[in-house]
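Survey of secondary and tertiary structure
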Amino acid sequence: MARPFKSPKATSAARPPKAPPAAPVEAGDAEAPAASRSGQRLHKLLALAGFGSRRDMETLIESGRITINGQVAQVGAVVDEHDIVRLDSRILHLPFEAELPQVLLYHKPEGELVSQDDPEGRATVFDKLPRIKQGKWIAIGRLDMNTSGLLIFTNSGELANRFMHPRYEVEREYAVRILGELNPEQMSQLTQGIELEDGPANFESIYASGGEGANKWYQVVIKEGRNREVRRLFEAFHLPVSRLMRVRFGPVALPPRLKRGTMLKLEQKQVVALLEWAGLPVPRKPLKQLSPHEKDRATRVFVPKVRKQRRSLLEAANAPATPEQRPARAPTANRRIRQDADLKQASMQNARVNTGAKKRSDRNRGRG
């Protein structure tokens, strides 16, 4: 019996050819487009970790010390959680997910420097900061040696940049005491603008806040952070500043309970509010639940202790080796090695001394 006719199956030649598999993209390849990787820019992650600014991290990458999976990284490289990033032989742990930064408030007294390295070896505010596990402390805005008041520290480079970059025009409020008094015309000129050596400058607002005798207090608001700008504006009218204190920086005001020389750590909710004000991503992880005792301890005003601070990656990479890090030298031929005979001789001498002391004590026993 004849079988029914069946149409032949389509041959493999009739099928559309498969696209060849895409070549893997190297992590350190600078020519690879950023869109082909789901990771993030390397210099951005280093800055988010608090190791320095983005420009400093680009300089560090250009030096050739950073490697990705064993290959020298290029500026603009993209990495993800599976890549191994090293500085020389040290593995770096990068924050691929946004973490809640730390923020410290410090009431800086007069006479302290806001610098990480002073050529004269004077004490700086960085010597008092507590140790931090991830990144380093960044000072948000500087204060002169003779200026006191609010100083903010954080380990987030993005948050520090949001406060300090000129394009954001974040307000700084100062309490100023001058020797003399401004008239209404001078106060109007200070708000309109005065020509200084480095360009025009002005106060956003200024008003008198009392004073006794020849000294008068004023509250001023400025949106720039040029060197000694507040002092120079008053000195333009030959009115020297005898006291200058910063009382507010952006949305952060100097707390009344924060006395001179003391520090205060912001609560988690306060840090989240700062990130929302700055327009930065807020971590999706839930906030850590603290007991009343832990919360009171974490937000308690404390007096900082002087300690050596951790250096940034760029400083650590370029710094010379310390005496502790240098290899130990081999003993010289002329150096005498302690022998067993020396130990026996010392033990015999100790035995004689102890025996003589025992005999003298027995001889004197029973005497009044």
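Residues numbered from 1 in each chain as written. Predicted model: local features only at pLDDT ≥ 70, side-chain atom pairs only at ≥ 80, totals over all residues. Heavy atoms only, no water.

Details of the packing of helix 3 (residues 157-164) against helix 6 (residues 268-278)
Where helix 3 contacts helix 6, the two axes come as close as 10 Å, and the packing angle between them is 60 degrees. Relative to helix 6, helix 3 is oriented oblique. Every pair of crossing elements has a handedness; the one defined by helix 3 and helix 6 is left-handed. Contact with helix 3, carried on its side by L159, R162 and F163, involves L274, W277 and A278 of helix 6 and no other residues of that element. Taken together, the residues of the contact of helix 3 with helix 6 sort by class into five nonpolar, no polar and one charged. (Axes fitted to C-alpha atoms, helices over the stretch in contact; angles between N-to-C directions. Helix = DSSP H or I, 4+ residues; strand = E, 2+ residues; numbered from the N terminus. Parallel < 35°, antiparallel > 145°, perpendicular 65-115°, else oblique. Left-handed = near helix turned anticlockwise from the far one by under 90°. Contact = heavy atoms within 4.5 Å. Nonpolar A, V, L, I, M, F, W, Y, C, P; charged D, E, K, R; others polar.)

Here we look at the environment of R228
As for its position among the elements, R228 is in the loop between strand 14 (215-222) and helix 5 (229-235). Setting aside chain neighbours within four positions, we find R228 in contact with D144 and E235. A polar atom in the side chain of R228 sits 3.5 Å from the side chain of E235. (Polar contact = N/O pair within 3.5 Å; in protein donor to acceptor, adjacent residues only side chain to side chain.)

A few points about the pairing of strand 7 (residues 103-108)
Of all the six residues making up strand 7, six are buried; the element is thus mostly covered by neighbouring parts of the structure. The two faces of strand 7 match: V103, L105 and H107 on one face and L104, Y106 and K108 on the other face are all buried. Sheet topology places strand 7 next to strand 17 (residues 263-265); three bridges connect them, and they run antiparallel. Across the sheet, the residue bridging to L105 is L264, located in strand 17. (Buried < 20%, exposed > 50% of the residue type's maximum accessible area, 1.4 Å probe, protein only. Pairing = 2+ DSSP bridges.)

What about the nonpolar core?
Residues F153, V176, L182, L190, F203, I206 and F234 are the most contacted members of the largest nonpolar core, which totals 34 residues. Mapped onto this core, the elements with two or more residues apiece are strand 7, strand 9 (148-154), strand 10 (172-179), helix 4 (184-192), strand 11 (194-196), strand 14, helix 5 and strand 15 (241-249). By size, the runner-up hydrophobic cluster in this structure holds 21 residues, among which are I138, I140, I152 and V170. (Core = buried A, V, L, I, M, F, W, Y, C linked by side-chain atoms within 4.5 Å.)

Comments concerning the pattern of salt bridges
A complete count under the given rule lists twelve salt bridges for this structure. Two residues, D198 and R226, come together in a salt bridge whose shortest N-O distance is 3.1 Å. Note that D198 is positioned in the loop between strand 11 and strand 12 (199-201) and R226 in the loop between strand 14 and helix 5, a separation of 28 residues in sequence. Judged by relative accessible area, R226 falls into the partly exposed class, the value being 22%. D198 serves as the salt-bridge partner of R232, at 3.1 Å between the closest nitrogen and oxygen. Residue R232 is located in helix 5, and its partner D198 is located in the loop between strand 11 and strand 12; the two are separated by 34 residues in the primary sequence. (Salt bridge = Lys/Arg side-chain N within 4 Å of Asp/Glu carboxyl O.)

Topic: the packing of aromatic side chains
Going through the model one piece at a time under the given rule, you end up with five aromatic pairs. A ring pair is formed by F163 and F249, whose centres lie 5.4 Å apart and whose planes are at 75 degrees; its orientation type is edge-to-face. Note that F163 is positioned in helix 3 and F249 in strand 15, a separation of 86 residues in sequence. Overall, F249 belongs to the buried group, its relative accessible area being 1%. Look at F163 and W277: their rings are 4.8 Å apart centre to centre, the planes differ by 45 degrees, and that puts the pair in the tilted class. Of the two residues, F163 sits in helix 3 while W277 sits in helix 6, which places them 114 residues apart along the sequence. Here R162 stacks its cationic end above the ring of W277, 4.7 Å away from the centre of that ring. (Phe/Tyr/Trp six-rings, centres within 6.5 Å; stacked < 30°, edge-to-face > 60°. Lys NZ or Arg CZ within 6 Å of the ring centre and 35° of its normal.)

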